Amino acid sequence: MSDFSSSGSDEDLDPELELLDELGGKLSKWTNYIHGWQDRWIVLKGNILSYYRSADEKEYGCRGSICLSKAVITPHEFDECRFDISVNDSIWYLRAENPLLRQQWIDTIELHKAESGYGSESSLRRHGSLLSLTSAASGLSTTSASSFKKGYSLQEKLAEMETFRDILCRQVDTLQKYFDNCADIDNGNYLLNNNNSSKEKLFSVDSLKGSLGIDFKGEAITFKATTAGILSTLSHCIDILVKREESWQRRLDKEIERRRRAEDAYKAALTELKKKPHYGGPDYEEGPNSLINEEEFFDAVEAALDKHDQIEEQSHAERSRASRQISLPPDTYSSISPPKYLTKPHSQTSSLSSIDLISASDDVHRFSAQVEEMVQSHMTYSLQDVGGDANWQLLVEEGDMKVYRREVEENGIVLDPLKATHAVKGVTGHEVCHYFWDTAFRNDWETTIESFQVVETLSDKAVIIHQTHKRVWPASQRDVLYVSVIRKILSTNENDPDTWLVCNFSVDHDSYPPSARCIRAKINVAMICQTLISPPEGDKEITRDNILCKITYVANVNPGGWAPASVLRAIAKREYPKFLKRFTSYVQEKSSGEAILF
């Protein structure tokens, strides 16, 4: 926290001005539907909230700021770590690391908001004039100087009532004293008459008046006038109160009408917002309390996938044109430059020939036991026929390719096992598995990956890979951490072909824990290939026309997250056949003209 300095006398210095010092900390801020939540350095100074990409970039200026004077801070109803700050149409979506830290931020922001700017208690103490007071309240209240003047008549009448009350009390005391004296004199005359047996009065009225000094008739008239004044004043007060009641009722009616219009406008805006095809906030992405319904979710995902496919088609067309230009005859370039031909990098060509027969004995590492278990499971169950009691449903059939699915859900998450069979001419099982396993070729055929990295090399035939998939909004971005192993399974029957297998299954690694940016998916995938050879006629050599690769691809994926089941199944039905066709076409193109690798 930086030191706070302020000019002015000690009398004007508020001890709570320390709240205006600069505070800073790291929060996750929602950026957009592509990048989602990103860590940002948030700075609170006075009633200004600013954010920077990081604490080290403060000297380059903030990337955005809002004034908290009219800001509304709203803790999220379901997400215990999130809170939103809105000023008019601008909304900041922020997330803390834990609920306690979120509450500390909210309390601090609210305190700075309350202790800074006009309208706060400290600011009113710094503005002593009535003009400052009324101007500060003008935006929050309908009270004005004229309304105070209208209250003077009621105040005057209440003062009159207080005066009348004092007069009336004195008159009552005077009259009560007069009546008491009269009663005493009358009792004395009665006793004297009885004792003397005489009817003669001892005292006259004049003597009573003189002795008491009270003008009874005058007092009675004054008493009557006072009570009439009180009644008149009460009547006047009632009239004033009735008028005040009518005035306040009109104000209340206007306020109710204003709020009704505001609610109608809010509902209309919300309805209009739901009609839009794209949403910018985190409430309109995949999540346990997403505001986007299943149909809108599917439409958005399908539109995003279509856009990705279009971009990939354009990129593939450009690569094809570049490849054709580079491989043109030399005389085409005779007037420009020496002939150029597209060649493979040495590292890629050598890696293909370096893969020899693989056995379990020379591939030992800390995941060896899990690898053996996975390989045995896939060789036992994945190659079984889809008929019988397996409950496989045929999803797609295109030529030799068939895709099957079994519907399985656990705790609302789709865990459908998927199985595809395919037959590809002109390539071997070794070639298919090699291009599927070797990360040197991954970006050539895989279009759904944003980035990948070899985390650890376990052996020549086993690696741990972390890959992040491209985000398809409104679905959250996902990453996978898995062991990838390539293995050759020798056939125990001389009439059966050998089998090449690539097995990918999820593991944990200390260097790559799950992050808040991505949902960590779990996978168990196998690419199982067998090479079938039709013998050529006579003594001719085997060519690619004589070989056929039989492919069995199985995938068990737990996507995690909260994507609707219908959307996940629709995406699987659409994307898996496209992946198989794209990958096998790549292998055919890559292997064409190369020596056959069995």
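Looking at an unreviewed UniProt entry, one finds the protein chain named Ceramide transfer protein and attributed to Cyprinus carpio. In the Catalytic activity (unreviewed entry) part of its UniProt record, the protein chain is described as follows: "N-hexadecanoylsphing-4-enine(in) = N-hexadecanoylsphing-4-enine(out)".

Caption draft 1: The overall build of the protein chain, seen in detail. What the protein chain contains, in helices and strands, is 13 helices and 19 strands. Sequence separation of at least 24 residues holds for 58% of the intrachain contacts in the protein chain that already meet a minimum separation of 6. Of the roughly 36,800 Å² of accessible surface on the protein chain, 52% is carried by carbon and sulfur atoms.

Caption draft 2: Representation of the pattern of salt bridges in the model. Under the criterion given, the structure shown has 25 salt bridges. Residue Glu456 is joined to Arg366 by a salt bridge in which the shortest nitrogen-to-oxygen separation is 2.7 Å. Here the residue Glu456 occupies a position in strand E13 (residues 449–459), and Arg366 occupies one in the loop between helix H9 (346–353) and helix H10 (368–382), the gap between them amounting to 90 residues. Assessed through its relative accessible area of 52%, Arg366 is described here as exposed. A single network of salt bridges, built from pairs that share partners, joins Asp306, Asp309, Arg574, Glu575 and Lys578.

Caption draft 3: Highlighting helix H13 (residues 565–591). Spanning 27 residues, H13 covers 38 Å between terminal C-alpha atoms, matching the ideal 39 Å at 1.5 Å per step. Positive phi shows up at Gly593, right after H13, with a value of about 85°.

Caption draft 4: Molecular detail of the sheet that holds strand E1 (residues 23–30). One open sheet holds the seven strands; their spatial order is E4-E3-E2-E1-E7-E6-E5, and the pairing between them is antiparallel. Here the strands that pair on one side only, and so sit at the sheet edges, are strand E4 (64–67) and strand E5 (72–75). Neighbour-to-neighbour, the strand axes of the sheet open up by a mean angle of 35°, direction not taken into account.

Caption draft 5: Focus on the packing of helix H11 (residues 429–437) against H13. Two numbers describe how H11 lies on H13: the axes approach to 10 Å, and their chain directions differ by 110°. Considered as vectors, H11 and H13 are oriented roughly perpendicular to each other. For the pair H11 and H13, the crossing hand works out as right-handed. Between H11, through Glu431, Val432, Tyr435 and Phe436, and H13, the contact on the second element is made entirely by Phe579, Phe583, Tyr586, Val587, Lys590 and Ser591.

Caption draft 6: View of the packing of aromatic side chains. Inspection of the entire model under this criterion finds 12 aromatic pairs. Look at Tyr51 and Trp92: their rings are 5.2 Å apart centre to centre, the planes differ by 85°, and that puts the pair in the edge-to-face class. Residue Tyr51 is found in strand E3 (residues 48–52), and its partner Trp92 is found in strand E7 (residues 90–95); the two are separated by 41 residues along the sequence. For the pair Tyr51 and Trp92, one class covers both residues: buried. Arranged with centres 6.0 Å apart and planes meeting at 45°, the rings of Trp445 and Phe579 form a pair that is tilted. In this pair, Trp445 is assigned in helix H12 (residues 442–445) and Phe579 in helix H13, connecting sequence segments 134 residues apart. Using a relative accessible area of 10% as the deciding quantity, one classes Phe579 as buried. Ring-pair connections join several aromatic residues into one group, and the members of that group are Phe436, Trp445, Tyr553, Tyr576, Phe579 and Phe583. Taking NZ or CZ as reference, Arg251 lies 4.5 Å from the ring centre of Trp248, over its face.

Criteria and cut-off values
Each chain has its residues counted from 1, following the order in which its sequence is written. Per-residue local features are limited, in this predicted model, to residues with pLDDT of at least 70; the limit for side-chain atom pairs, both in listing and counting, is 80 or more; totals at the level of whole chains, interfaces and linings are taken over all residues. Calculation of side-chain values draws on the structure's entire complement of heavy atoms; hydrogens and water are dropped beforehand. UniProt positions are given in the numbering used here, feature names are shortened, and annotations may be inferred rather than shown by experiment. A run of H or I in DSSP counts as a helix once it spans at least four residues, and a run of E counts as a strand once it spans at least two, with each numbered from the N terminus. In this description, contact between two residues means that some pair of their heavy atoms is separated by no more than 4.5 Å. Using a 1.4 Å probe, accessible areas were evaluated by the Shrake-Rupley method; residue-level cover was limited to the displayed protein chains. For this document, the term salt bridge refers to a Lys or Arg side-chain nitrogen within 4 Å of an Asp or Glu carboxyl oxygen. We call a residue buried when its accessible area falls under 20% of the maximum for its residue type, exposed when it is over 50%, and partly exposed in between, using a 1.4 Å probe and counting protein chains only. One fewer than the residue count of a helix, multiplied by 1.5 Å, yields its expected span. For two strands to be treated as a pair, DSSP must find at least two bridges joining them. The convention used is that axes are lines fitted to C-alpha atoms, helices contributing only their stretch in contact, and that angles between N-to-C directions extend from 0 to 180 degrees. Throughout, the term roughly parallel applies to angles under 35 degrees, roughly antiparallel to angles over 145, roughly perpendicular to angles from 65 to 115, and oblique to all others. Each crossing gets its hand from how the near helix is turned against the far one by less than a right angle, where anticlockwise is left-handed and clockwise is right-handed. Note on aromatic pairs: the rings of Phe, Tyr and Trp (six-membered ring only in Trp) are paired at centre separations within 6.5 Å, and the planes decide the class, stacked below 30 degrees, edge-to-face beyond 60, tilted for the rest. Definition used: whenever NZ (Lys) or CZ (Arg) falls within 6 Å of the ring centre and also within 35 degrees of the ring normal, the charge is taken to sit over that ring.

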